[in-house]
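What follows is the residue order along each chain.
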Amino acid sequence: VTAHIFSLGFEWAYNNEIDVISNSWTFDQMHSTYIRVRIEKLLRDGRDGKGIVIVFATGNANHAVSFPANCNDSIIAVGAIDITTNRANFPIMVKN
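Definitions and limits used
Throughout, residues of each chain are indexed from 1 in the direction in which the sequence is written. Where totals are concerned, whole chains, interfaces and linings use all residues; where local detail is concerned, this predicted model gives features only for residues with pLDDT of at least 70, and gives and counts side-chain atom pairs only at 80 or more. The side-chain values count all of the structure's non-hydrogen atoms but skip hydrogen atoms and water molecules. Only DSSP runs of H or I reaching four residues or more are called helices, and only runs of E reaching two or more are called strands; each is numbered from the N terminus. Accessible area is worked out with a 1.4 Å probe on protein chains only. A residue is then buried under 20% of its type maximum, exposed over 50%, and partly exposed in between. By the convention used here, residues are in contact when the closest approach between their heavy atoms is within 4.5 Å. Here the open area of atoms and residues is found with the Shrake-Rupley method and a 1.4 Å probe, where only the protein chains shown may cover a residue. Strands qualify as paired when DSSP identifies two bridges or more between them. Interaxial angles span 0 to 180 degrees and are taken between N-to-C directions of axes, which are lines fitted to C-alpha atoms, for helices over the stretch in contact. One axis fitted to the seven residues ending at a residue, another fitted to the seven starting there: the angle between these axes is the bend at that residue. Stacked, edge-to-face and tilted labels apply to pairs of Phe, Tyr and Trp rings (six-membered ring for Trp) whose centres lie within 6.5 Å, assigned for plane angles under 30 degrees, over 60, and everything in between, in that order.

Caption draft 1: Looking closely at the overall build of the protein. Helices and strands together make up the secondary structure of the protein, namely two helices and three strands. Ordered by position in the sequence, the α and β elements of the protein form the string α-β-α-β-β. When the 96 residues of the protein are sorted by exposure, 31% land in the buried category. By sequence separation, contacts in the protein at least 24 residues apart represent 57% of the contacts at least 6 residues apart. For the protein, the computed accessible surface area is about 6,500 Å², with 53% contributed by carbon and sulfur atoms.

Written out as structure tokens, the structure is:
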């Protein structure tokens, strides 16, 4: 999936005055201006200037927060913890 495809979703959310966008994806291009600019527009101008609440997964690498969760301080970044309340070490494999 390209940055353009993701940004089409952002534009739809903007045009339809969505209140919250929850994303569980990360993007390999750490410096994708295309995505960053659209996120900033949503945070600043969405919902008639009140801003759209944006939530992103932090990523599965168990180290630094992944892009785009780390591209703006107004993004709510969400990660996982294990049973001991430490960062989850992905991938978590569970036997049935």
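Caption draft 2: Spatial organisation of the sheet that holds strand β2 (residues 53–57). Ordered by their spatial adjacency, three strands build an open sheet running β1-β2-β3, and the pairing between neighbours is parallel. Each edge of the open sheet is held by one strand with a lone partner, namely β1 (20–23) and β3 (76–78). Averaged over neighbouring strand pairs, the angle between their axes works out to 15° when direction is ignored. Pairing analysis gives four bridges linking β1 to β2, with the strands arranged parallel. Its bridge partner lying in β2, N23 is registered against F56.

Caption draft 3: Structural view of helix α2 (residues 33–49). Along α2, the sharpest change in direction is near 45° and occurs at L42. All of the buried residues in α2 are I35, I39, L42, L43 and G46. Turning to α2, the residues buried within the fold contact α1 (3–15), β1 and β2. Positive phi shows up at G51, right after α2, with a value of about 90°.

Caption draft 4: Looking closely at the packing of aromatic side chains. In this structure the tally under the stated criterion is four aromatic pairs. Ring geometry for F6 and W25: centres 3.7 Å apart, planes at 5°, overall stacked. Placement of the pair is F6 in helix α1 and W25 in the loop between β1 and α2, with a sequence separation of 19 residues. The burial state of F6 is the same as that of W25; both residues are buried.

Caption draft 5: Structural detail: the side chain of S66. Along the chain, S66 falls in the loop between β2 and β3. When neighbours within four sequence positions are excluded, S66 is seen to be in contact with T26, T58 and G59.

What is shown is where atoms sit, not what they do.
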